[in-house]
Amino acid sequence: HARSVRFLIHAHLQHSFGPRLGGVFYPCKHWVLLLPAKVQTSRMTLLTLASLNDLDPAEWDALLVGEQPFLCHAFLSALEDSGSVGSSTGWTPAHRLLRDSNGLLLAAMPAYLKQHSSGEYVFDHAWAQACQRAGISYYPKLLTAVPFTPVSGQRLLGAPAACGRLLAELVADLPALGLSSLHVNFTQAADNAVLHGREGWLPRHDCQFHWRNQGYRDFQDFLDTLSSRKRKQMRKEREQIAAQGITFDWLDGQALSEAQWDFVYRCYAHTYAVRGQSPYLTRAFFSLLAQRLPQLIRVVLTAQAGKPVAMAFCLQAGDTLYGRFWGSLAEFDFLHFETCFYQGMDYAIAGQLQRFDAGAQGEHKLLRGFEPVLTHSWHYLCHPGLRAAVARFLDEERPAVAAYAEQARGYLPYRSEA
């Protein structure tokens, strides 16, 4: 798939720019971006923050609508203060604020200068590779997102009109700042409404799998909605875990000791180590988050004969449980499914939560009742030829993603209603 994407973009670049000279595409050097008169003449000030600590947390959080655990000042500043994001990681904070002439904060965007595309979960590596072959600079780019967090939520903070002004001014500044593009990942409906139809912005879709609580009384009530074969399979998986003497204990952020956080981090880091990678988050992040947002943290600790062997780290906000990280220091059949999925489903049922978002990817979730959900991202590419090439690619990709999601529904384990 990645090879076909690279070839498609390469072909579109060739179509947009014409023949190559010396292995490099030569597009038109001059182009003009016109902004609406109201934006050009408004007495608004666009500011850049190198750290959220330079802003009053209450001022930032006042722009959040509804439950936004990953967008709140405490979460984002913990990423910065722990060294999980910063210039050394390729995630340089460059948050954007829009203030009126009286200094009132009207709109904001969490933003990062990126020198790579790792940790984003909206994969544009093929775009960067096509640009490299075409002699176009793709990095640095500007990204509006929550680092390492493929969870949809608010990305444009403030009233729609103010967010629209912020976007217009920011887009106009991109070439002067030496930035190739602006990307807004994992948006929610209100953001989509602001971005839809805005000149130059390209929408992209992807698919995740989320579980919904249909008012189940307990896990058996959920199992009763499944086909006989899938019901037996899940019951067997859970019975094998119990037969190995494995137990589970749910703790909130206030209840975990630093020694337990050490164990949580060892498990988290181990999931990266087995793939030969370094973990995105530092150990300090978990302690800082436990200090700043203990009421949102939910950790399930897994033990055998009293010895901790695995964990799953979640956040709970509103009616949703967000599964974020997992790790195991020992191998057990079906332990991943139990710790990451069945325990979270049990927890959601007991707490009458409506949704369990267990993270990105994973078709194995589909067979356990997690339904396909479309996610949204938006991309503004300054180079007109690159923008045209990617636009044609996305015009082909979006219906393919929609078809995949529809096909995936056919593999859900629920009984068909005759």
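See the structure shown above.
Basis of the calculations
Residues numbered from 1 in each chain as written. Predicted model: local features only at pLDDT ≥ 70, side-chain atom pairs only at ≥ 80, totals over all residues. Heavy atoms only, no water. Pairing = 2+ DSSP bridges. Helix = DSSP H or I, 4+ residues; strand = E, 2+ residues; numbered from the N terminus. Axes fitted to C-alpha atoms, helices over the stretch in contact; angles between N-to-C directions. Contact = heavy atoms within 4.5 Å. Core = buried A, V, L, I, M, F, W, Y, C linked by side-chain atoms within 4.5 Å. Buried < 20%, exposed > 50% of the residue type's maximum accessible area, 1.4 Å probe, protein only. Phe/Tyr/Trp six-rings, centres within 6.5 Å; stacked < 30°, edge-to-face > 60°. Lys NZ or Arg CZ within 6 Å of the ring centre and 35° of its normal.

A. A look at the sheet that holds strand 5 (residues 111-114). Taken together, the 11 strands give an open sheet; going across it, the order is 2-5-6-8-15-9-14-13-12-11-10, and neighbouring strands pair in mixed fashion. The strands lining the two open edges of the sheet, one partner per strand, are strand 2 (91-93) and strand 10 (246-252). For this sheet, the mean inter-axis angle between neighbouring strands, taken without regard to orientation, is 30°. For strand 13 (residues 320-328) and strand 14 (residues 355-357), the ladder comprises 3 bridges, and the chain directions are parallel.

B. Highlighting the sheet that holds strand 7 (residues 157-158). Overall, antiparallel pairing links the 4 strands, which are arranged 1-3-4-7 in an open sheet. Each edge of the open sheet is held by one strand with a lone partner, namely strand 1 (45-49) and strand 7. Bridge count for strand 1 against strand 3 (residues 95-99) is 5 bridges, and the pairing is antiparallel. Bridging from a neighbouring strand, Leu 47 pairs with Leu 97 of strand 3. Sheet strands in contact with helix 6 (residues 160-173) are strand 1, strand 3, strand 4 (105-109) and strand 7, and its direction is about 55° off that of strand 4.

C. Geometry of the nonpolar core. In this structure, Phe 75, Leu 76, Trp 261, Phe 286, Leu 289, Met 311 and Phe 313 are the most contacted members of the largest nonpolar core, which totals 53 residues. Of all the secondary structure elements, the ones that give two or more residues to this core are helix 4 (73-81), strand 4, helix 10 (258-273), helix 11 (283-292), strand 11 (297-304), strand 12 (307-317) and strand 13. Non-local contacts of Met 311, meaning those with residues more than four positions away in its chain, are made with Phe 263, Val 264, Cys 267, Tyr 268, Val 300, Leu 301, Thr 302, Phe 325, Trp 326, Gly 327 and Thr 339. Counting residues in each nonpolar core, the second largest holds 26 residues, with Phe 209, Tyr 216, Leu 226 and Leu 366 among its members.

D. Up close: the packing of aromatic side chains. Applying the stated criterion across every chain yields a total of 30 aromatic pairs. Taking 5.2 Å as the distance between ring centres and 85° as the angle between the ring planes, the aromatic pair formed by Phe 70 and Tyr 322 counts as edge-to-face. Of this pair, Phe 70 sits in the loop between helix 3 (57-61) and helix 4 while Tyr 322 sits in strand 13, and the two are 252 residues apart along the sequence. Classification of Phe 70 by relative accessible area gives buried; the value is 5%. A relative accessible area of 7% means that Tyr 322 is categorised as buried. Measuring from centroid to centroid gives 5.2 Å for Tyr 138 and Tyr 139, while their planes differ by 80°, and the two rings are edge-to-face. A residue is classified by how much of its surface remains accessible, and Tyr 138, at 3% relative accessible area, is buried. Overall, the relative accessible area of 28% leaves Tyr 139 in the partly exposed class. The ring of Phe 219 carries the charged tip of Arg 238 above its face, separated from the ring centre by 4.3 Å.

It is worth stressing that arrangement in space is one thing and function is another; only the former is reported here.
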